[in-house]
Amino acid sequence: MKFVINKQISRDSGRLGQLLIQRGEGAGQLQLRTPLLMQTTKGGSIPYLSGNVFEYVSKEQQPLLLQLTLSTMDQMAESLLQYPSGLSAYVGYPGYPNVLLFRDPCETTPSGGNDRDVVPLYTRHGKGSITAQRYMELMDSFAPDLYQGLCDADTNADSSKKRVQKSVDRTERFMDYCYEQHGKLDRLSKSTLLAPIVGGYSTYARTQSIKHARQQPANSFGGYVLEGFHTNGLSATHLEASKLLPIVKHCVTELDDEKPRMMCGAYTPLMILELVRLGVDMFDTSYAYCAAVNYKALTFNFELNDENGCPKQTPFLDITDDTLKEDFRPLVANCSCLACQKHTRAYVHHLYKTNELLGPILLMVHNLHHYMAFFETIHKSMASDKLSELAKLLNADSTADYSIAKNVKVINKAGMGKGFVSATN
Amino acid sequence: MSPSKIPPLTYKVVAECSVSKARAGLMTLRHSEVDTPVFMPVGTQGTLKGVLPDQLIEMNCQILLGNTYHLGMRPGIETLRRAGGLHSFMGWPRAILTDSGGFQMVSLLQLAEIDEHGVKFRSPFDNSECMLTPEHSIQIQNAIGADIMMQLDDVVKTTTTGPRVEEAMERTIRWVDRCIEAHARDDDQSLFPIVQGGLETPLRERCVSALIERRVRGFAVGGLSGGESKDDFWRMVHVCTDRLPRDKPRYLMGVGFAADLVVCVALGIDMFDCVFPTRTARFGCALVDRGQLNLKQQKYKHDMQPIDKECECSTCLRYTRSYLHHIATNESVSCSLLSVHNVAYQLRLMRGMREAVHRNEFPQFVRDFMARHFEGEPLPTWIREALAAVHIELPPDIVDEQAAAQS
């Protein structure tokens, strides 16, 4: 993997770039534009959508990076060793590049269970413990295009100084092992390692974590994952900009410019714009999922120069609202997604009422389409140096709340049976 | 002729098997042409579980079934009217068939009481007492706007015997007249009567004779596939198809296991529906000619083949049994993936039968299918007898041959 910065408009307008990912012998390389929106998955699939249906969403889109997570795929490791065509093809997305992460950004990661030598891995079977050695064995089985190094990222804005320090110290130990093994393991010879940066909300701890990564030879890893700001799930939608942004800014200043910076989790669209401005390069679609699973359609307006648009759009449409019963309009007027082109609010509301699986499917179709279009607009506005206008548009209604609360009306809904997990606080 | 003067259902036999009663036909409805014999996937509440209308069209599904009872409850008749009917409400441009709601009353509800007036039951939502009459059923079905509607029939358990069966049959005939009388959209929707009569040949014969006197565009055979012996099952189908007019479509309600479909097509049935393909998908099962694969079983954990190499559905083109094993019943997308495959399987089986009838090779199709389906196991006697009744002889069981060779 290579990272190229195409354009850095000014210090606070973010940077446009490209991730170049080699596709095997003679297959050329894929170019992914940054700021990049990774496709969040569960068990290897984009939540609720088959590969076939996802293609209805992604038609004519740019190549996409699959964001896979060990916590939803751990049981597949053994099978992957026997599968000849690679990780992405196995999960139904042949030709897509992938990145394998540790935790599922869609669900709250429980706190605790950390130890000097192990990191807790929460899967649908409950809590497991994983050593650095086991972690690298698993990475070797999965053979992803990109993967993150093991880290203790169990911190948030409320973490004690001691907890933060432990997360930094343990991550260093884990990473020493990962750096060492990365070059040795056969199936990882074409994979790119991403260095986790931890340290909660302490600039001191962040500096220490960054220093450890930057001490490594420059070619031993290909990018950074900024971890430890939240514990995934809906918590990421509730972060305070005034606490988060100074820390991210501090990190970015200390990181080298040549490597991409990833931040995972359901950050609100407003926060995404601020993070882009600070120079973060990679995000994911967990926000679209967290909204869909709580029966919220994304409706925020990001159309700059939209003559007939209504800038006062609310961030969401709550599908559980009974006033939609006979609302035969699309989820969002003029939206070109399949859900809006062919279905109505009344129908999606009916699917909610009857607990039908097609409800969350249509919401995912719409929310992904909406969120991907938002990222297109981010690119365009960066290229024309209008990122701050976009932020102004999203902020037009200062009372708009982009955070996502658990919708208590939909517990055990979303067409899921036993074993299906849903986003929790 | 103005479009409204074209009947809302025309049916034409396109090819007939020269041996059995199987036939291939073309049914033209307001929303779609339908090639028969056809399997109709069940979209109970205005959606086929986890599958988009566009995917169904991609699979060349031409007609869906909706359940009147469920749709009448939610979203309700007023909402459906304002939406302009179910087609528009659910975004499905092709044909729809609705049942009468009577079957759900009797099967789902504890407090259903039937008298000459209709079916009395308690609403599961507000516990109020409701009455579904033939007129009310038609009123709801007119609001749903399905291309084909069913009369309200007096449903008794398939295994019921004695005078209640005859009473139900006679009442069903009386009710069809009330349904025809109440039907307000005969220019757009076709009403099918339902042949009842339990497992008694004379009652079935009497019922058919009475129903074919009515001005209707097709017929349903009801009261089967509810726990009766297979021997009774096929004989009742046989009796009905012998007497139903050749030039109208025949719908056998609630039948959808592959072997039953093949036998009943041989007996002259044109339309089928069943929840089985989508229900079994939710439990992690995939349909194949041999029966079904329970993908949760450990033996599929490292099985890198598609569910079925011959299958061209979007699931088989993309996913291995191994991957499906890992996500089945765990990730909700598995329900969509297996539903797509299972519906595609049913549609492909029906297409295979239609093509075989067109080529006049249907008996060979049946022999090949049964050989694959039972693969070395002895063939059930009822299948052998049912097919023999329409002159399709199956080779002796291979198991028997081996036993004979040894003795």
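The structure displayed is predicted, hence computed values, not measured ones.

Draft legend 1. Structural detail: the packing of aromatic side chains. In the structure shown here, the tally under the stated rule is 26 aromatic pairs over all chains. Ring centres of Tyr83 of chain A and Tyr90 of chain A lie 5.2 Å apart, and the angle between their planes is 65°; this geometry places the pair in the edge-to-face category. Tyr90 of chain A matches Tyr83 of chain A in its accessibility class, with the two residues each being buried. Ring geometry for Phe221 of chain A and Tyr224 of chain A: centres 5.3 Å apart, planes at 70°, overall edge-to-face. For Tyr224 of chain A, a relative accessible area of 1% puts it in the buried group. Each member of the aromatic cluster is reached from another via a ring pair, and the members are Phe283, Tyr287, Phe300, Phe302, Phe316, Tyr371, Phe374, Phe375 and Tyr402 of chain A. The ring of Tyr93 of chain A has Arg318 of chain B sitting right over it, with the charged end atom 5.8 Å from the ring centre.

Draft legend 2. Region of interest: unusual backbone geometry. The omega torsion of the bond from Thr34 of chain A to Pro35 of chain A falls at 0°, within 30 degrees of zero and hence cis. Cis geometry is adopted by the peptide bond preceding Pro75 of chain B, which originates at Arg74 of chain B and carries an omega value of 5°. Relative to the elements of secondary structure, Pro75 of chain B occurs in helix H2 (residues 68-83). Unusually for a residue other than glycine, Ser225 of chain B sits at a positive phi of about 60°. Within the secondary structure, Ser225 of chain B is located in the loop between strand S13 (219-221) and helix H8 (230-243). Residues other than glycine seldom take positive phi values, yet Asn360 of chain B does so here, at roughly 55°. For Asn360 of chain B, the location among the structural elements is in the loop between helix H13 (333-358) and helix H14 (362-374). The exposure class assigned to Asn360 of chain B is partly exposed, which follows from its relative accessible area of 38%.

Draft legend 3. Quick look at the sheet that holds strand S3 (residues 33-36) of chain B. All names here are of chain B. Pairing is antiparallel across the open sheet formed by 3 strands, whose spatial order is S1-S2-S3. Two strands bound the open sheet, and with one partner strand each, they are strand S1 (9-16) and S3. Adjacent strand axes in the sheet meet at a mean angle of 15°, parallel and antiparallel pairs treated alike. Sheet topology places S1 next to strand S2 (residues 23-29); 7 bridges connect them, and they run antiparallel. By the bridge assignment for S2, Ala15 is matched with Ala24.

Draft legend 4. The environment of Val293 of chain A, seen in detail. Counting through the fold element by element, Val293 of chain A comes out in helix H10 (residues 286-293). Distance in space between the C-alpha atoms of Val293 of chain A and Pro360 of chain A is 6.4 Å, their sequence separation being 67 residues.

Draft legend 5. Geometry of the UniProt feature "binding site: Zn(2+)" (unreviewed entry) in chain A. Residues and elements named next belong to chain A. Summarizing the sequence annotation, UniProt attributes the feature "binding site: Zn(2+)" (unreviewed entry) to Cys335, Cys337, Cys340 and His366 in the numbering used throughout. Spatially, the listed residues are clustered: although they cover 32 residues, their C-alpha atoms lie within 8.6 Å of one another. Checked against the element boundaries, Cys337 lands in the loop between strand S15 (316-318) and helix H11 (338-342). Overall, the relative accessible area of 3% leaves Cys337 in the buried class. Excluding residues within four positions of it along the chain, Cys337 makes contact with His366 and His369. Here Cys340 lies in helix H11. By relative accessible area, which is 7% here, Cys340 ends up buried. Dropping the residues within four chain positions of it, Cys340 is found in contact with Pro330, Leu331, Val332, Cys335 and His366.

Draft legend 6. Up close: the UniProt feature "active site" (unreviewed entry) in chain B. Residue and element names in this part refer to chain B. Using the residue numbers shown here, the UniProt feature "active site" (unreviewed entry) corresponds to Asp99 and Asp273. Considering the C-alpha atoms alone, the annotated residues occupy 175 residues of sequence yet fold into one spot, their largest mutual distance being 10.6 Å. By the element assignment, Asp99 lies in the loop between strand S6 (95-98) and helix H4 (102-108). Classification of Asp99 as buried rests on a relative accessible area of 9%. Sequence-distant contacts of Asp99, defined by excluding residues within four places in its chain, comprise Gly66, Asn67, Thr68, Tyr69, Gln104, Gln141 and Met150.

Draft legend 7. Structural context of the packing of helix H9 (residues 258-266) of chain B against H14 of chain B. All names here are of chain B. Two elements in contact, H9 and H14, have axes whose closest approach is 11 Å; the angle formed by their N-to-C orientations is 160°. Judged on the interaxial angle alone, H14 and H9 are roughly antiparallel. Here H9 and H14 pass one another in a crossing that is left-handed. On H14, the residues that touch Ala258, Ala259, Val262, Val263, Val265 and Ala266 of H9 are Phe362, Val366, Phe369, Met370, His373 and Phe374.

Draft legend 8. Main features of the pairing of strand S5 (residues 63-66) of chain B. All names here are of chain B. What you see with S5 is no split at all: Ile63 and Leu65 on one side and Leu64 and Gly66 on the other are buried throughout. Bridge count for S5 against S6 is 4 bridges, and the pairing is parallel. Across the sheet, residue Leu65 finds its bridge partner in S6, namely Leu97.

Draft legend 9. Region of interest: the sheet that holds strand S12 (residues 194-195) of chain B. All names here are of chain B. Spatially, the 5 strands line up as an open sheet ordered S4-S15-S14-S13-S12, and their pairing is parallel. Of all the strands in the sheet, the pair left with one neighbour each is strand S4 (38-41) and S12. Pairing geometry for S4 and strand S15 (residues 271-274), over 4 bridges, is parallel. Bridge pairing links Val38 to Met271 in S15.

Draft legend 10. Molecular detail of the environment of Glu228 of chain B. Residues and elements named next belong to chain B. One can find Glu228 in the loop between S13 and H8. Glu228 gets classed as buried once you look at its relative accessible area, which sits at 10%. Separated by 34 residues in sequence, Glu228 and Ile194 have C-alpha atoms that sit 18 Å apart. Once residues lying within four places of it in the same chain are set aside, the contact partners of Glu228 are Thr158, Thr159, Leu199 and Phe233. A polar side-chain atom of Glu228 sits 2.6 Å from the main-chain amide nitrogen of Ser225. Here Gly226 takes part through its backbone nitrogen, which lies 2.8 Å from a polar atom of the side chain of Glu228.

Draft legend 11. Looking closely at the nonpolar core. Core analysis: the biggest nonpolar cluster contains 178 residues, and Leu49 and Phe374 of chain A have the highest contact counts within it. Sequence-distant contacts of Leu49 of chain A, defined by excluding residues within four places in its chain, comprise Phe54, Val57, Tyr93, Ile361, Met364, Val365 and Leu368 of chain A together with Val333 of chain B. Formed by 61 residues, the second largest nonpolar core is a distinct cluster that contains Met169, Leu287, Val357 and Val366 of chain B.

What counts as what
- Here the residue index of a chain counts from 1 through its sequence in written order.
- The lettering of chains begins at A and the numbering of ligands begins at 1, in the order of writing.
- With the structure being a predicted model, the display of local features is reserved for residues of pLDDT at least 70 and the display and counting of side-chain atom pairs for 80 or more, all residues being used for whole-chain, interface and lining totals.
- The basis for every side-chain value is the complete set of heavy atoms in the structure, and neither hydrogens nor water enter the calculation.
- The aromatic pairing rule takes the rings of Phe, Tyr and Trp, using the six-membered ring of Trp, and pairs them if the centres are within 6.5 Å, calling planes under 30 degrees apart stacked, those over 60 edge-to-face and the rest tilted.
- The buried label applies to any residue whose accessible area, calculated with a 1.4 Å probe on protein chains only, is under 20% of its type's maximum; exposed applies above 50%, and partly exposed to all values in between.
- We call a charge positioned above a ring when the Lys NZ or Arg CZ atom is no farther than 6 Å from the ring centre and deviates by at most 35 degrees from the ring normal.
- In this description a helix means any DSSP run of H or I spanning at least four residues, a strand means any run of E spanning at least two, and both kinds are numbered starting from the N terminus.
- Strand pairing is defined by DSSP finding a minimum of two bridges between the two strands.
- Note on definitions: angles span 0 to 180 degrees between N-to-C directions of axes, and those axes are lines fitted to C-alpha atoms, for helices only across the stretch in contact.
- UniProt positions are given in the numbering used here, feature names are shortened, and annotations may be inferred rather than shown by experiment.
- The contact criterion used is simple: two residues touch if any of their non-hydrogen atoms lie within 4.5 Å.
- When an angle is under 35 degrees it counts as roughly parallel; over 145 it counts as roughly antiparallel; between 65 and 115 it counts as roughly perpendicular; any other value is oblique.
- What makes a crossing left-handed is the near helix being turned counterclockwise from the far one by less than a right angle; a clockwise turn instead makes it right-handed.
- In protein, a polar contact requires one atom able to donate a hydrogen and another able to accept it; more generally it is a pair of N or O atoms within 3.5 Å, and residues adjacent in sequence count only if both atoms are side-chain atoms.
- Take the buried residues of types Ala, Val, Leu, Ile, Met, Phe, Trp, Tyr and Cys, join any two whose side-chain atoms come within 4.5 Å, and each joined set is a nonpolar core.

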